[in-house]
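Residue strings, one per chain:
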Amino acid sequence: MEKKLSKSAQKVQDALAGLGLSCQVEERSASTRSAEEAAQVVGCDVGQIVKSLLFRGEVTGQPLFVLASGRNRVCVDKLAALAGEPIGKADASFVREKTGFAIGGVAPLGHPEKLATIVDEDLLQYSELWAAAGTPAALFRLTPKELTVITDGRVASVREMT
Ligand code: 5CA
């Protein structure tokens, strides 16, 4: 029998089902808090891990949700150009308020309200991705197409060039 999901993970599972997706949330015994840990736990490339990152418009205070490849650091200047205002990182309480999840388990869906979303173009090269599902040990597998559809995200280059 399947083990019962924790409340936050079940919220993500319900949101997936509500959108008609058959993705299954998996709760692991090991930590998937960081992209590196998540990649080890599921046995995929770190680039296939979807990092769900919240930023904030420095003028409007509006949230900007960015789904980035686990391999990349996000360039806030690129986000500013896309958003039309300076963009800064959100703090932990803003993340909780706008996504409904705590850092380390922020899922790409299941938020209290719709978030303006940008999807890192580097995620589109993979046939499958893994995203956090509400807790620092919960994940689900999905395709890049599913990710852009469920988030209504705008695909763009967000990678910091190092
Ligand atoms: N479960 C994993 C893999 S899917 C996960 O959630 N990774 S993540 O990258 O999407 O979320 C962790 C991210 O939260 C970190 O990359 C970091 O950018 C961000 N973060 C960590 N601490 C803080 C903080 N205090 N304030 C704002 N953001 C933070």
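Residues numbered from 1 in each chain as written. Predicted model: local features only at pLDDT ≥ 70, side-chain atom pairs only at ≥ 80, totals over all residues. Heavy atoms only, no water.

J.: So what's going on with the overall build of the protein? Residues and values would help.
T.: Within the protein, the secondary structure is distributed over 5 helices and 8 strands. Starting at the N terminus and ending at the C terminus, the protein contains elements arranged as α-β-α-β-β-α-β-α-β-β-β-α-β. By the compact-globule yardstick of 15 Å for 162 residues, the protein fits well, its C-alpha radius of gyration being 15 Å. Principal-axis analysis of the C-alpha atoms gives the protein an extent of 50 × 30 × 25 Å. Of all 162 residues assigned to the protein, the portion counted as buried reaches 51%. Considering only contacts within the protein whose residues lie at least 6 apart along the sequence, 63% involve residues at least 24 apart. Accessible surface, the protein: about 8400 Å² in total, of which carbon and sulfur atoms supply 49%. (Helix = DSSP H or I, 4+ residues; strand = E, 2+ residues; numbered from the N terminus. Rg over C-alpha atoms; globule rule 2.2 N^0.38 Å. Buried < 20%, exposed > 50% of the residue type's maximum accessible area, 1.4 Å probe, protein only. Contact = heavy atoms within 4.5 Å. Areas by Shrake-Rupley, 256 points an atom, 1.4 Å probe, with all protein chains shown as cover.)

J.: Lay out the pattern of salt bridges in plain terms, naming residues and giving numbers.
T.: This model, assessed by the stated rule, comprises 7 salt bridges. For E26, the salt bridge identified is with R28, shortest N-O distance 2.6 Å. For K98, the salt bridge identified is with E97, shortest N-O distance 3.6 Å. Look at K98 and you get buried, because its relative accessible area is 16%. (Salt bridge = Lys/Arg side-chain N within 4 Å of Asp/Glu carboxyl O.)

J.: Which residues make up the nonpolar core, and what are the values?
T.: The biggest cluster of nonpolar side chains holds 31 residues, and the ones touching the most others in it are V12, L16, V25, F140, L142 and L147. Elements with a contribution of two residues or more to this core: α1 (7-18), β2 (49-57), β3 (63-69), α4 (92-99), β6 (129-132), β7 (138-142) and α5 (144-151). Per element, the largest residue contribution to this core is 4 residues, and it comes from α1. Residues contacting L16, with those up to four places away along its chain left out, are L21, C23, V25, L109 and F140. Core analysis: the next-biggest nonpolar cluster, separate from the first, contains 11 residues, L53, F55, A68 and I118 among them. (Core = buried A, V, L, I, M, F, W, Y, C linked by side-chain atoms within 4.5 Å.)

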